[in-house]
Amino acid sequence: MLNVMTQTPKEELGKLIDCIDKANPKLGIVVKLLLAEQNEEGTLRKEASELFDSVSVDVKKAYCNCLIDLCVNLDMLEKACELFDLGLTLEVYTDIQSKLPTQWSLYLKSLSLGAALTALHIWMNDLSKAVESGEDLPAVLGINTGHGKHKYSDKGLASVFESHLKELNAPFHEAPDKIGWFLTTKVAATS
C-alpha cells in the first residue's frame, strides 16, 4: 500500500492514508506527518523512529525507502533528508559513503530511487561545504549506482542518474571501464 502511495497523485492520497491508518496506525501517523504542511520540530523524526523500532530490519529499509520516495515524489526534499538522516542514524542504511585518500565514493545501488536522489543531494551539499571550507578533495569522486535493472525501478539507477546529473550540470560522467560508476576529478568538481 505504501509503495502504491509513491506513485499516486497528492490529491488522491486520502483514501490510501485511511487504509494505511487502519492497517498500521503507527505507519499512518508517519504518513500523515509527511503530508502535513507543518509539524512540530522533531515530531516526524520521533514518530518515524518509533515506527522503525517496531518492525524488523528488512521492513525498516522498505518503509524508509518508500517514505523517502513519497517525499521526493511530492517535492518535500527537507522531509526526505530528515528521514534519510534517521535511516543513517538507525543503521537502516550502511556503507553509503567511503572516503579514501584517493577517492570519495557514494554507493547508491541498495537504495530506492527517491532515497538515492536524496543521498546524492546530501552528498553534493557536503562536497560543496568541504570545498567552501578549504578541505582538500581527493583526485577522484565517484557515484556507484550499480548496473542492470534496479529492484525499485523499471530502469536501472544508472540511466536515471545519468539524466539527473546532466540536469544538475554536475561534472560526473559514466565511466566506460567501470559499469555503474559515475566519476569526476577534483579539478572538474572545484571549477
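You'll find the structure just up there.
None of these values were measured; they are calculated from a predicted model.

### Brief notes about the packing of aromatic side chains
Then, in step 1: Taken as a whole and assessed by the stated rule, the structure comprises three aromatic pairs.
Then, in step 2: Measuring from ring centre to ring centre gives 5.7 Å for Tyr107 and Trp181, while their planes differ by 85 degrees; the resulting arrangement is edge-to-face. With a gap of 74 residues between them, Tyr107 in strand E2 (residues 103-107) and Trp181 in strand E5 (residues 181-185) connect regions that are remote in the sequence.
Then, in step 3: Its relative accessible area of 11% is what places Trp181 among the buried residues.
Then, in step 4: With a centroid separation of 6.0 Å and an interplanar angle of 45 degrees, the aromatic rings of Trp123 and Phe172 are classed as tilted.

### A few points about the pattern of salt bridges
Pairs may arise between side chains of opposite charge once their charged atoms sit close together.
Then, in step 1: Considering all chains together, one arrives at five salt bridges under this definition.
Then, in step 2: With a closest N to O distance of 2.7 Å, Asp21 and Lys32 form a salt bridge. Here the residue Asp21 occupies a position in helix H2 (residues 13-23), and Lys32 occupies one in helix H3 (residues 25-35), the gap between them amounting to 11 residues.
Then, in step 3: Of the charged contacts in the structure, one is a salt bridge between Lys186 and Asp136, with a shortest N-O distance of 2.5 Å. Of the two residues, Lys186 is situated in helix H9 (residues 186-190) and Asp136 in the loop between helix H7 (113-132) and strand E3 (140-144); the sequence distance between them amounts to 50 residues.
Then, in step 4: Owing to a relative accessible area of 29%, Lys186 belongs among the partly exposed residues under this scheme.
Then, in step 5: Residue Asp136 is classed as exposed on the basis of its relative accessible area of 56%.

### Points about the environment of Leu127
Then, in step 1: Position of Leu127 relative to the elements: it lies in helix H7.
Then, in step 2: Relative accessible area serves as the criterion here: at 10%, Leu127 is assigned to the buried category.
Then, in step 3: As a C-alpha pair, Leu127 and Val59 span 68 residues in sequence and 31 Å in three-dimensional space.

Calculation rules
Residue indices follow the written sequence of each chain, beginning from 1 at its first position. Side-chain atom pairs in this predicted model are given and counted only at pLDDT of 80 or more, local residue features only at pLDDT of at least 70, and totals for whole chains, interfaces and linings cover all residues. Side-chain metrics in this entry use all non-hydrogen atoms of the structure; hydrogen atoms and water are not considered. Ring geometry is summarised as follows: Phe, Tyr and Trp rings, the Trp one being its six-membered ring, pair when their centres sit within 6.5 Å, and such pairs are stacked at plane angles under 30 degrees, edge-to-face over 60 and tilted between the two. Helix and strand assignments come from DSSP, with helices taken as H or I runs of at least 4 residues and strands as E runs of at least 2, each series counted from the N terminus. A 1.4 Å probe rolled over the protein chains alone gives each residue an accessible area, and that area as a share of the maximum for its type sets the label: buried under 20%, exposed over 50%, partly exposed in between. Any carboxyl oxygen of Asp or Glu that lies within 4 Å of a side-chain nitrogen of Lys or Arg is treated as forming a salt bridge with it.

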